[in-house]
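One letter stands for each residue in the lines below.
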Amino acid sequence: MAQSIPSHEHILQLGFGFWGSKALLSAVELGVFTELAKKPANAAELQSRLKLHPRSVRDFLDTLVALGMLERDAQGTYRNTAETDFYLDRTKPSYIGGILEMANQRLYRFWGGLTQGLQNGKPQNEITHNEPDLFTALYSDPDRLETFLKAMTGVSRPTARAIVAKFPWREVKTFCDVGCAQGGLTVEIARANPHITGIGFDLKPVQPIFEHFVRENGLADRLSFKPGSFFEDPIPSAEVLVMGHILHDWDMDEKRLLLKKSLEALPKGGRLIVYDAMIDNERRENTFGLLMSLNMLIETNGGFDYTGADCVGWMREAGFRDAYVERLTGTHSMAVATK
Ligand SMILES: C[S@@+](CC[C@H](N)C(=O)[O-])C[C@H]1O[C@@H](n2cnc3c(N)ncnc32)[C@H](O)[C@@H]1O
């Protein structure tokens, strides 16, 4: 009997996954979705509106159709899908392309250093290209800073909504969002809970962007900003502290220090919420969490992602009690613990 030969398709699809990824990132960079949100167009119109060379425009647009990012009708008119129209039109508040712009400008080339990073354990971003470290590089350019902080809001929104729904906020009057960025989660919690006041704590350059966003949302009477560094300054005190996408940026000693400082900042009975793209305890399923951890190799000196069980263990070690993990979205979980 002839032996059946396994398929090679999955291997090749994954191996050339960067082709599709870069086609999408270039489409965001060129503003394809923003242009089509104004008005659907055929290939020739789009070529002229986007100032593209004629050679590959059809291949580029049809690739985006095949990837499920655009639709094309029988007349050859291209339009956004419902998803790309909602999330990738720069003029809409629901735009999340900022994080893809950052991936295109920075991560795409830095991931080219993955093999080297795996061999020497060192970051492969601005730090190796003789530029300042991640946050300094982002924050030295006001436009890049604003893009990054807004992108964090867009991309963290589903997680923020789940935290609002799954934590018992009615039992709480004050909270502090530690490393709040633009304040996506801070605003979401305050908006859903009129009885609560909150603090956004982050580095000084973040202040005007946070305050503008809070004013835009009409929450300036209940939300304030406290500038500072969670390594050099005390963490502000509140009944609940939230740390989202913070612990994974730092090495084990720094993670321990942040947990210790959180415990010190909380009153007795106060709670800490940590959320990240936590890896499943078996380390087999949450591909996004595992790749995020490799991204921390590319981006930071010692950061790494971790499982829910890891986090609960560190929280107990720091002196917290009643620690538990709850799933928030397909990729993200939160760990909650009490002082
Ligand atoms: C990856 S972002 C997470 C933002 C937000 N919590 C979220 O989940 O969308 C990390 C945040 O930590 C802040 N950060 C970095 N170093 C810090 C420090 N030493 N003290 C306070 N905040 C810091 C950054 O400015 C940034 O806003």
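The rules behind the values
Residues numbered from 1 in each chain as written. Predicted model: local features only at pLDDT ≥ 70, side-chain atom pairs only at ≥ 80, totals over all residues. Heavy atoms only, no water. Helix = DSSP H or I, 4+ residues; strand = E, 2+ residues; numbered from the N terminus. Rg over C-alpha atoms; globule rule 2.2 N^0.38 Å. Buried < 20%, exposed > 50% of the residue type's maximum accessible area, 1.4 Å probe, protein only. Salt bridge = Lys/Arg side-chain N within 4 Å of Asp/Glu carboxyl O. Near = heavy atom within 4 Å. Polar contact = N/O pair within 3.5 Å; in protein donor to acceptor, adjacent residues only side chain to side chain. Areas by Shrake-Rupley, 256 points an atom, 1.4 Å probe, with all protein chains shown as cover. Pairing = 2+ DSSP bridges. Right-handed = clockwise from strand over helix to strand, strands pointing away. Axes fitted to C-alpha atoms, helices over the stretch in contact; angles between N-to-C directions. Contact = heavy atoms within 4.5 Å.

1. Some points on the overall build of the chain
Looking only at helices and strands, the chain features 15 helices and nine strands. In summary, the chain has a C-alpha radius of gyration of 22 Å against a globular reference of 20 Å for 339 residues, a match within 12%. Projected onto its principal axes, the C-alpha coordinates of the chain cover approximately 65 × 60 × 45 Å. Sorting the 339 residues of the chain into buried and exposed places 50% on the buried side.

2. Notes on the pattern of salt bridges
Within this structure, the stated rule accounts for 15 salt bridges. Between D73 and R79 there is a salt bridge, with its nearest N and O atoms 3.3 Å apart. Several salt bridges converge on common partners, so that one network encompasses E35, K38 and R49.

3. Observations regarding the site of the ligand
As a structural note, the neighbourhood of the ligand is formed by 18 residues, with Y139, S156, G179, D202 and H245 the closest of them. Contacts to the ligand include F230, whose backbone N or O atom sits 2.9 Å from a nitrogen atom. A distance of 2.8 Å is found between an oxygen atom of the ligand and a side-chain nitrogen or oxygen belonging to Y275. Calculation on the ligand without its partners gives an accessible area of 600 Å², and the protein chains cover 94% of this total. Of all the secondary-structure elements, those providing two or more residues to the shell around the ligand are α9 (134-139) and α10 (142-166).

4. Points about the pairing of strand β3 (residues 174-178)
Within β3, four of the five residues are buried, which leaves the element mostly enclosed by the surrounding structure. Note that β3 and strand β4 (residues 197-202) share five bridges and pair parallel. The residue bridging F175 from the neighbouring strand is G198, located in β4. Remark: the β3/helix α11 (residues 184-192)/β4 crossover connection has right-handed handedness. Judged from the four bridges that link them, β3 and strand β6 (residues 240-244) form a sheet pairing that is parallel. From the neighbouring strand, D177 faces β6, where its bridge partner is V242.

5. Some points on unusual backbone geometry
Positioned with a positive phi, K51 is a non-glycine residue whose angle comes to about 55°. Its location among the elements puts K51 in the loop between α4 (43-50) and α5 (57-66). The class for K51 is exposed, based on a relative accessible area of 73%. Of note in the backbone geometry, A181 takes a positive phi value of approximately 55° without being a glycine. Its place among the elements puts A181 in the loop between β3 and α11.

6. Looking at the sheet that holds β4
Taking strand neighbours across the sheet as the criterion, the seven strands line up as β5-β4-β3-β6-β7-β9-β8 in an open arrangement whose pairing is mixed. Among the strands making up the open sheet, the edge pair consists of β5 (223-227) and β8 (321-327). Within this sheet the neighbouring strands show an average axis-to-axis angle of 20°, counted without direction. Examined bridge by bridge, strand β7 (residues 271-276) and strand β9 (residues 333-338) share six bridges and lie antiparallel to one another. Bridge pairing in β9 links I273 to V336. Along the sheet, helix α13 (residues 252-265) contacts β6 and β7; its crossing angle with β6, the most-contacted strand, is approximately 160°. Along the sheet, helix α15 (residues 308-318) makes contact with β7, β8 and β9, crossing β8 at roughly 160°.

7. Thoughts on α11
Burial within α11 is extensive, with seven of its nine residues counted as buried. Taken as a whole, α11 has its buried residues at G184, L185, T186, V187, E188, I189 and A190.

Everything listed here is a matter of coordinates, which is why it stays silent on function.
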